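# Analysis of the macromolecular model
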Amino acid sequence: MLGLGVDRLRADMNRLLALLFHQGVLDEQFLQLQQLQDESSPNFVSEVVNIYFHESEKLLRNLRGLLMDKEFSDYKKIGIHLNQFMGSSSSIGAKRVRNVCVAFRAASEQNNRAGWVFESIGAARA
Amino acid sequence: MLEPPTKITALVVDDDTINQMIHHRLLDNLGIRNQVVRNGKEAIDVHCSGKNFDLILMDMEMPVMNGIEATRKLRAMGIRSMIAGVSTNTRERENFMKAGLDDYQEKPLTTSKLVSILHKVHKDG
C-alpha cells in the first residue's frame, strides 16, 4: 500500500515537472541537477533548491531595499545582485527567473545610462 | 561514480553557494577530489599554504578578489594549473582569457562541459 502511495506521488511529481518545463519555468539544467542525485546524495536536489529559495529571498529583499530608496542611484549594486540571482537561477534550471533577471538587468542599465547622460549634461552646463 | 585513470585534483572558486554545491558534486561524480573556496583571495591563500591542483574552476564575479585578478595573481605566482573560467558575464570574457585562462565555459556548468575541460588537463607524471 505504501509502495502504491510512493508511485502515485512520483507520478504526480513527474506531471508537475512536465508542466513546469512546458510553461518555461524550468529548463534542461534542472535535469542535470536531478542527475547529480544518487544513493550517496539522495537529497541533493531538495538541498540545492531549498538553499536557492533561501538565497533568493535575501537577494530579493536587498533589491527591494535598494529600489525603495528615494535617493537610489547605485545601479552597479543592482547589477551585482542581479548577476548573482541570474547565476544561481541558471545553475538550477530556473529558466523563467533567469529571463526576468536578464530583462531587469537590461532595464537597470538603461536607467543607469539615462542617469549618466543627465549628470553629464548637468556638468557641461555648470 | 567514475574513477579517472589518474588522480586529478580540482579547486572550485565561486562565491555562490548553489554553484559551489553543483560544481563540487559534478567533480565528485567524476571521481575528482576537490576543494571549494569562496573568492579569489581564498584561492591565492590555499596555494600559498602549499596546495596545488590540476584544475581550477574560476568564477569571475566574486567579492574580495574577482576571478580576473585571482587568475592574474596565480599566473604571476607561477601556478601552471589548468584554469577554466566559468561565468555568466560574456562581456568580460576577453579580459578574463587575457588574465591567463586555459579555457572558458559559460554557466551553467554541466557534466559534458566539465568533461571537455578535463580533456585539456595535463597531469604531470
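These numbers come from a predicted model, not from an experiment.

Next up on the list: the overall build of chain A. From N to C terminus, chain A includes 5 helices and 0 strands. The contacts of chain A with a sequence gap of at least 6 include a subset with a gap of at least 24, amounting to 47%. Accessible surface, chain A: about 8,700 Å² in total, of which carbon and sulfur atoms supply 58%.

Next up on the list: the confidence of the model for chain A. For chain A, mean pLDDT is 83; residues scoring 70 or higher make up 83% of the total. Least confident of the elements in chain A is helix α5 (residues 95-125) of chain A, whose mean pLDDT is 70; most confident is helix α2 (residues 29-35) of chain A, at 93.

Residue and element names in this part refer to chain B. Enumeration over the complete set of coordinates arrives at 10 salt bridges over all chains. Put simply, Lys107 and Asp14 hold a salt bridge, and the shortest N to O gap is 3.1 Å. Taken together, the residues span a long stretch of sequence, with Lys107 in the loop between β5 (103-106) and α5 (111-118) and Asp14 in the loop between β1 (9-13) and α1 (17-29) at a distance of 93 residues. Notably, a salt bridge pairs Glu42 with Arg38, separated by 2.8 Å at the nearest N-O pair. Accessibility expressed as a relative area gives 22% for Glu42, which makes it partly exposed.

Interaxial distance between helix α4 (residues 75-92) of chain A and α1(B) falls to 9 Å at its minimum, and their mutual angle equals 35°. For the pair α4(A) and α1(B), the crossing hand works out as left-handed. Along its contact with α4(A), which presents Gly87(A), Ser88(A), Ser91(A) and Ile92(A), the element α1(B) presents Ile18(B), Asn19(B) and Ile22(B). Residue composition of the contact of α4(A) with α1(B), by class: 3 nonpolar, 4 polar and no charged.

Cut-off values and rules
- Residues numbered from 1 in each chain as written.
- Chains lettered and ligands numbered in written order.
- Predicted model: local features only at pLDDT ≥ 70, side-chain atom pairs only at ≥ 80, totals over all residues.
- Heavy atoms only, no water.
- Helix = DSSP H or I, 4+ residues; strand = E, 2+ residues; numbered from the N terminus.
- Contact = heavy atoms within 4.5 Å.
- Areas by Shrake-Rupley, 256 points an atom, 1.4 Å probe, with all protein chains shown as cover.
- pLDDT = per-residue confidence, 0-100.
- Salt bridge = Lys/Arg side-chain N within 4 Å of Asp/Glu carboxyl O.
- Buried < 20%, exposed > 50% of the residue type's maximum accessible area, 1.4 Å probe, protein only.
- Axes fitted to C-alpha atoms, helices over the stretch in contact; angles between N-to-C directions.
- Left-handed = near helix turned anticlockwise from the far one by under 90°.
- Nonpolar A, V, L, I, M, F, W, Y, C, P; charged D, E, K, R; others polar.

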